[in-house]
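This is what each chain is made of:
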Amino acid sequence: MGKIECGENHYAEPHNCARKTGNIHNRKEEQKINHHEGHEEHEKNEGVIMEFEKLSNKVLGLIIEVHKNLGPGLLENTYKQCLAYELCSAGISFEMEVSLPVNYKSVNISCAYRIDLIIDDQLIIELKNVEKLLPVHEAQILTYMRLSKINIGLLINFNEKYLKNGIKRYVI
């Protein structure tokens, strides 16, 4: 994949920038867990959680990097494109502007839902540039999580002087 320029559109396009060893699914397979009798399932779950936490923390670090370089007040799409550049540079697989239909009576109906970013099929990122996050923004990310069956999401408001005040994590 070529260099992503801020402002370019890469809608609904999977970004498989991750090297095989950098992909979290492959790292899970390679992970060695010491098994104790009767604790195999518990330790397996701990390993998956640790791998996800590494991914989540790395993505948060990239989000902070974008905010540190750009500051608050730009268009949401600018932050999205620059985060896409950072994700690709870090070798993290993601999809951008993912269309999300609603399944109604076994029929997929396009309702114009678009998830900003899905990271490695495990994490939804919804970006905002608003004065204040509102309950409607929370409802939006929770709806995306429910419909996509992805249990973890980050709602990011780039319009904060200190980005830590604009980060909300959701688990369903």
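Reading guide: rules and limits
- Residues numbered from 1 in each chain as written.
- Predicted model: local features only at pLDDT ≥ 70, side-chain atom pairs only at ≥ 80, totals over all residues.
- Heavy atoms only, no water.
- Salt bridge = Lys/Arg side-chain N within 4 Å of Asp/Glu carboxyl O.
- Helix = DSSP H or I, 4+ residues; strand = E, 2+ residues; numbered from the N terminus.
- Buried < 20%, exposed > 50% of the residue type's maximum accessible area, 1.4 Å probe, protein only.
- Core = buried A, V, L, I, M, F, W, Y, C linked by side-chain atoms within 4.5 Å.
- Contact = heavy atoms within 4.5 Å.
- Pairing = 2+ DSSP bridges.
- Patch = residues over 30% accessible without salt bridge, like charges linked within 9 Å, V, L, I, M, F, W, Y side chains within 5 Å.
- Areas by Shrake-Rupley, 256 points an atom, 1.4 Å probe, with all protein chains shown as cover.
- pLDDT = per-residue confidence, 0-100.

## Notes on the pattern of salt bridges
For side chains bearing opposite charge, pairing can occur when the charged atoms are close. A full pass over the atoms with the stated rule returns 5 salt bridges. Here R169 makes a salt bridge to E53, at a shortest N to O gap of 3.2 Å. Here R169, found in strand β6 (residues 167–171), pairs with E53, found in helix α2 (residues 40–70); they are 116 residues apart in sequence, far enough to count as distant. Judged by relative accessible area, which is 43%, R169 ranks as partly exposed. Note on E53: relative accessible area 28%, which makes it partly exposed. Among the ionic pairs, D116 bridges to K80, the shortest N-O distance being 3.4 Å. Taken as a pair, D116 in strand β3 (residues 107–119) and K80 in helix α3 (residues 76–89) lie far apart in primary sequence, 36 residues in all.

## Here we look at the nonpolar core
Judged by nonpolar contacts, the single largest core of 25 residues is most densely connected at V59, I63, L87, L117, I119 and I125. Residues in contact with L87, not counting those within four places in the same chain, are V59, L62, I92, F94, L117 and I119. Within the second largest apolar cluster, 12 residues are counted, among which are L100, L133, M145 and Y170.

## Considering the pairing of β3
Pairing analysis gives 9 bridges linking strand β2 (residues 94–104) to β3, with the strands arranged antiparallel. The residue of β3 that forms the bridge with N103 is N108. Linkage of β2 to β3, two consecutive antiparallel strands, is achieved through a turn of 2 residues, within which K105 is found at a positive phi near 50°. In this sheet, strand β4 (residues 123–128) lies alongside β3 in antiparallel orientation, the contact comprising 3 bridges. Within β4, the residue paired with I118 across the bridge is I124.

## Section: the environment of E86
Tracing the backbone through its elements, the reader meets E86 in helix α3. Between the C-alpha atoms of E86 and L62, which are 24 residues apart in sequence, the distance is 6.3 Å. Contacts of E86, omitting those with residues within four sequence positions, involve L62, E65 and V66.

## Overview of the environment of E126
Along the chain, E126 falls in strand β4. A relative accessible area of 2% means that E126 is categorised as buried. Considering only alpha carbons, one finds E126 and R114, 12 residues apart in sequence, at a separation of 9.6 Å. Residues within four places of E126 in sequence aside, it is in contact with R114, I115, D116, Q140, I141, Y144, L154, L155 and I156.

## Points about a nonpolar patch on the surface
A cluster of nonpolar side chains, Y104, V107 and I109, forms an exposed patch at the surface whose accessible area comes to about 280 Å². Structurally, I109 is set in strand β3.

## Notes on the confidence of the model for the protein chain
Here the protein chain averages 79 in pLDDT, and 70% of its residues register 70 or above. Across residues 1–14 the pLDDT falls below 50, and counting only partners more than four positions away or on other chains, this stretch makes 33 contacts in the model. Below pLDDT 50 for its whole length, residues 18–37 participates in 34 contacts with residues either more than four positions away or in separate chains.

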